[in-house]
Amino acid sequence: MKKIEAIIRKTKFEEVKEALLNVDIEWFSYYDVRGIGKSRQGRIYRGVAYDTSSIERILISIVVRDKNVEKSVNAIIESAQTGEIGDGRIFVIPVEDAIRIRTSERGDIALYNAEQEK
């Protein structure tokens, strides 16, 4: 199992969500996050200077079976990519175990129902 964390533009969230649903990733968490990127510039709006070095993004967190890692990563890349600086990052992290609290099932089966297996 792997945990995929993707930091993406807020404007791309709906596209990424649809792309993940299209590759049968039906459950994930997401968070509004802020970060610092390479782009550091000030913006002036109505005579007031604003610091735009703090960037608002969405962090998507998914735990998937090993067989679903590449299709999940590719779905995120294809739907989130604009080709501009600030598209984000994807991190793939090993997961030692998963436990479904309701049934105490462990491992891959804790991620999805057995009757849904394709």
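For the structure, check the block above.
Only a predicted model underlies this, so the values are computations on that prediction, with no experimental measurement involved. (Residues numbered from 1 in each chain as written. Predicted model: local features only at pLDDT ≥ 70, side-chain atom pairs only at ≥ 80, totals over all residues. Heavy atoms only, no water.)

A. Expanded view of the overall build of the protein chain. Along its length, the protein chain carries 2 helices and 6 strands. Along the protein chain, helices and strands appear, N-terminal first, in the series β-α-β-β-β-β-α-β. For the protein chain, the proportion of its 118 residues judged to be buried stands at 31%. Taking the contacts inside the protein chain whose residues are at least 6 apart along the sequence as the reference set, 70% of them involve residues at least 24 apart. Summing over all exposed atoms, the protein chain offers an accessible surface of approximately 8300 Å²; the carbon and sulfur share of this is 50%. (Helix = DSSP H or I, 4+ residues; strand = E, 2+ residues; numbered from the N terminus. Buried < 20%, exposed > 50% of the residue type's maximum accessible area, 1.4 Å probe, protein only. Contact = heavy atoms within 4.5 Å. Areas by Shrake-Rupley, 256 points an atom, 1.4 Å probe, with all protein chains shown as cover.)

B. Representation of the packing of aromatic side chains in the model. This model, assessed by the stated rule, comprises 2 aromatic pairs. Ring centres 4.5 Å apart and planes at 40 degrees place the aromatic pair Phe13 and Tyr30 in the tilted group. Of this pair, Phe13 sits in helix α1 (residues 13–22) while Tyr30 sits in strand β2 (residues 29–36), placing them 17 residues apart in sequence. When the centroid spacing of 6.5 Å and the interplanar angle of 55 degrees are considered together, the rings of Phe28 and Tyr30 count as tilted. On the accessibility criterion, Phe28 (16% relative accessible area) is buried. Aromatic ring contacts, followed pair by pair, group Phe13, Phe28 and Tyr30 into a single cluster. (Phe/Tyr/Trp six-rings, centres within 6.5 Å; stacked < 30°, edge-to-face > 60°.)

C. Region of the structure containing the pattern of salt bridges. Enumeration over the complete set of coordinates arrives at 10 salt bridges. The salt bridge partner of Lys17 is Glu14, with a shortest N-O separation of 3.1 Å. With Lys17 and Glu14 both in helix α1 and 3 residues apart, the pair spans about one turn of that helix. Given the relative accessible area of 46%, Glu14 is considered partly exposed. Here Asp97 makes a salt bridge to Arg106, at a shortest N to O gap of 2.7 Å. (Salt bridge = Lys/Arg side-chain N within 4 Å of Asp/Glu carboxyl O.)

D. Geometry of the environment of Met1. With respect to the helices and strands, the residue Met1 is situated in the segment before β1 (2–9). Here the alpha-carbon distance between Met1 and Val63, two residues 62 residues apart in the chain, equals 6.9 Å. In this view, Met1 contacts Val64, Asp66, Ile93, Pro94, Val95, Glu96, Asp97, Ala98, Gly107, Asp108 and Leu111; residues no more than four positions away in its chain are not counted.

E. Quick look at the sheet that holds β1. Sheet architecture is open: 4 strands sit in the order β2-β5-β1-β6, paired in antiparallel fashion. The two strands at the open ends of the sheet, each matched to only one other strand, are β2 and β6 (88–94). In this sheet, adjacent strand axes meet at a mean angle of 25 degrees when their direction is disregarded. Relative to strand β5 (residues 54–64), β2 runs antiparallel, the two being bridged by 8 bridges. Across the sheet, Tyr30 pairs through a bridge with Ile60, a residue of β5. Across the sheet, α1 is in contact with β1, β2 and β5; its angle to β5 comes to roughly 10 degrees. Each of β1, β5 and β6 is contacted by helix α2 (residues 69–80), which is oriented at about 0 degrees to β1, the strand it contacts most. (Pairing = 2+ DSSP bridges. Axes fitted to C-alpha atoms, helices over the stretch in contact; angles between N-to-C directions.)

Note that all results are geometric; they support no functional claim without further evidence.
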